[in-house]
Amino acid sequence: VFSKGLKPFFGEDAYSFAKFITGLKWDPNADIYGVFYMIVGSILATLGAIVLGVPIGLLTAVYIAELAPKKIVTIIKPAIELLAGIPSVIYGAFGLGVIVPMISKVSPTGQGESLLAVICVLTIMILPTIISLSESSIRAVPNSYREASLGLGASKTQTIFQSVIPAARSGVLTATVLGIGRAIGETMAVMMIAGNNVGGLPSSLWDKIRPLTTNISMEMGYASGRHQDMLFATGVILFVFIMFINITLIKITGKLGEKNSKR
């Protein structure tokens, strides 16, 4: 991937890497290759999904681990596991058939394929991962934490949010890391609802976007020559981008784990 992806930026007929990384338009027919607007679209979609998905997932995990009766848990947990096993193309079909029409009714642009649609679908897709790992982390917190908090006069709610969740935060952050990885790497579902515009930065939730993954999957089947090499270069950017995010978050998770162990 790196060999093919770096090839167009070297040699006599080299393409400017600066133009590639900062470009706001992708038009192979005109020999224009810019991926900056794709990077921005990928970041915004992932960030939106995490902002929505983490609180919902964490609160659901808290309910399952700390509050829900066993009968309800036996229903909810298999349902969450089922969501995790559904192919991404089914999520895309759901988004195209349900979410996109709903958004088109309220969108000022009159179109449903948008950044907002991508955020909604990605949020649903990352919930099973976040819920499962967060629930496991919460259940792993020793009961002595709960007993000490309740013994000091704290309520059940205060105990959960001030003692249990802080003790499980490294596991919750790990769930967030995996959620980010799934969101930013998702292709098929996003391709069906993103709109896949050929250029321009998104200025609102109603705008179409073209994530890096979608760009590769849409054109790799028929691309050749420089066009194909540029798609490989897009893959290199995506690879480096995901590695940077994961390494950063893993270091943060490790530091939080060290603090918890010292305590």
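Further up the page is the structure itself.
Calculation rules
- Residues numbered from 1 in each chain as written.
- Predicted model: local features only at pLDDT ≥ 70, side-chain atom pairs only at ≥ 80, totals over all residues.
- Heavy atoms only, no water.
- Salt bridge = Lys/Arg side-chain N within 4 Å of Asp/Glu carboxyl O.
- Helix = DSSP H or I, 4+ residues; strand = E, 2+ residues; numbered from the N terminus.
- Buried < 20%, exposed > 50% of the residue type's maximum accessible area, 1.4 Å probe, protein only.
- Axes fitted to C-alpha atoms, helices over the stretch in contact; angles between N-to-C directions.
- Parallel < 35°, antiparallel > 145°, perpendicular 65-115°, else oblique.
- Left-handed = near helix turned anticlockwise from the far one by under 90°.
- Contact = heavy atoms within 4.5 Å.
- Nonpolar A, V, L, I, M, F, W, Y, C, P; charged D, E, K, R; others polar.
- Phe/Tyr/Trp six-rings, centres within 6.5 Å; stacked < 30°, edge-to-face > 60°.

Here we look at the pattern of salt bridges
Then step 1. Counted under the stated rule, the structure contains eight salt bridges.
Then step 2. For the salt bridge of Arg226 with Asp13, the shortest nitrogen-to-oxygen distance reads 3.4 Å. In this pair, Arg226 sits in helix H12 (residues 225-262) while Asp13 sits in the loop between helix H1 (2-6) and helix H2 (17-22), placing the two residues 213 residues apart along the sequence.
Then step 3. Judged by its relative accessible area of 61%, Asp13 is exposed.
Then step 4. A salt bridge links Lys77 to Glu135; the nearest nitrogen and oxygen atoms lie 3.5 Å apart. With Lys77 in helix H4 (residues 70-85) and Glu135 in helix H6 (residues 115-139), the pair connects residues that are 58 residues apart, well separated along the chain.
Then step 5. Judged by its relative accessible area of 31%, Lys77 is partly exposed.
Then step 6. Owing to a relative accessible area of 6%, Glu135 belongs among the buried residues under this scheme.
Then step 7. Taken together, the salt bridges that share partners define one network made up of Asp13, Asp31 and Arg226.

Re the packing of helix H5 (residues 88-106) against H6
Then step 1. The contact between H5 and H6 brings their axes to 10 Å, and the two run at 135 degrees. If you check the angle between H5 and H6, you find them oblique. Crossing of H5 over H6 shows right-handed handedness. Residues Ser88, Tyr91, Phe94, Gly95, Ile99, Val100 and Ile103 of H5 form the contact with H6, whose own contacting residues are Leu116, Ala117, Cys120, Val121, Ile124 and Met125.
Then step 2. Tallied by class, the residues present in the contact of H5 with H6 amount to eleven nonpolar, two polar and no charged.

A few points about the packing of aromatic side chains
For any two aromatic rings, the description comes down to two numbers: the centre-to-centre distance and the angle of the planes.
Then step 1. Under the counting rule described, the total for this entry stands at six aromatic pairs.
Then step 2. A ring pair is formed by Phe9 and Phe20, whose centres lie 5.3 Å apart and whose planes are at 55 degrees; its orientation type is tilted. One end of the pair, Phe9, is in the loop between H1 and H2; the other, Phe20, is in helix H2, with eleven residues separating them in the sequence.
Then step 3. Look at Trp26 and Tyr33: their rings are 5.1 Å apart centre to centre, the planes differ by 80 degrees, and that puts the pair in the edge-to-face class. With respect to burial, Trp26 and Tyr33 carry one shared label: buried.
Then step 4. Put simply, the rings of Phe9, Phe17 and Phe20 touch in pairs and so form one group of aromatic residues.

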